[in-house]
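Per-entry structural report
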Amino acid sequence: MRGGPAAAAFAAMTLLAVPAAAASLVVEVEGVAPGGGRVWVAVCAGGLDEASCGDGQSAPAEAGAHRFAFDLPPGTYAVLAYQDSNGNGRPDRTALGLPVEPYGLSNGAGRRARPDFASAAFTLGERGAGIRVRLLRALGGR
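Residues numbered from 1 in each chain as written. Predicted model: local features only at pLDDT ≥ 70, side-chain atom pairs only at ≥ 80, totals over all residues. Heavy atoms only, no water.

If you tally the helices and strands in the chain, you get two helices and eight strands. Written out in order from the N terminus, the α and β elements of the chain read α-β-β-β-β-β-β-α-β-β. Buried positions account for 32% of the 142 residues belonging to the chain. Across the chain, every contact between residues at least 6 apart in sequence was considered, and the portion connecting residues at least 24 apart equals 67%. (Helix = DSSP H or I, 4+ residues; strand = E, 2+ residues; numbered from the N terminus. Buried < 20%, exposed > 50% of the residue type's maximum accessible area, 1.4 Å probe, protein only. Contact = heavy atoms within 4.5 Å.)

The next subject is the packing of aromatic side chains. One pass over the full model with this rule turns up zero aromatic pairs. One cation-aromatic arrangement involves arginine 111 over tyrosine 103; the distance from NZ or CZ to the ring centre is 4.9 Å. (Phe/Tyr/Trp six-rings, centres within 6.5 Å; stacked < 30°, edge-to-face > 60°. Lys NZ or Arg CZ within 6 Å of the ring centre and 35° of its normal.)

Let us look at the state of the cysteines. One pass over the structure, following the stated rule, counts one disulfide. Two residues, cysteine 44 and cysteine 53, share a disulfide whose sulfurs are 2.0 Å apart. Between cysteine 44 and cysteine 53, the S-S dihedral sits near 105°, and the bridge is therefore right-handed. In this pair, the class of cysteine 44 matches that of cysteine 53, namely buried. (Disulfide = S-S within 2.5 Å.)

In structure tokens:
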């Protein structure tokens, strides 16, 4: 056998360096209002700021529920969703920073207090997970 113990050790280390398999995360967004725009969903790692919520998808907003699927490494995440009712590509806010358009986070975070990553976080295991996010309006309405 060519290479000896050093080659065998290198081969074993190479096999250990293979990344863990991705886990499937299915996000169901409920409460989409009729009237157009798009529904946006982002998966966040470590925070709720734009830089932490890089993995996202969108679909045309049609009343009812929408389903989004992500393949991610197991870990701790939060899900942020909103309906871009006016189609400007961003979540609109009041001068005080309150969302104007329907929004929601995993675990129902942000309904009674300012949302933070810890309150929206969940663990995605190797078997995957399903998360439901309900869109509501901060300023009355649904």
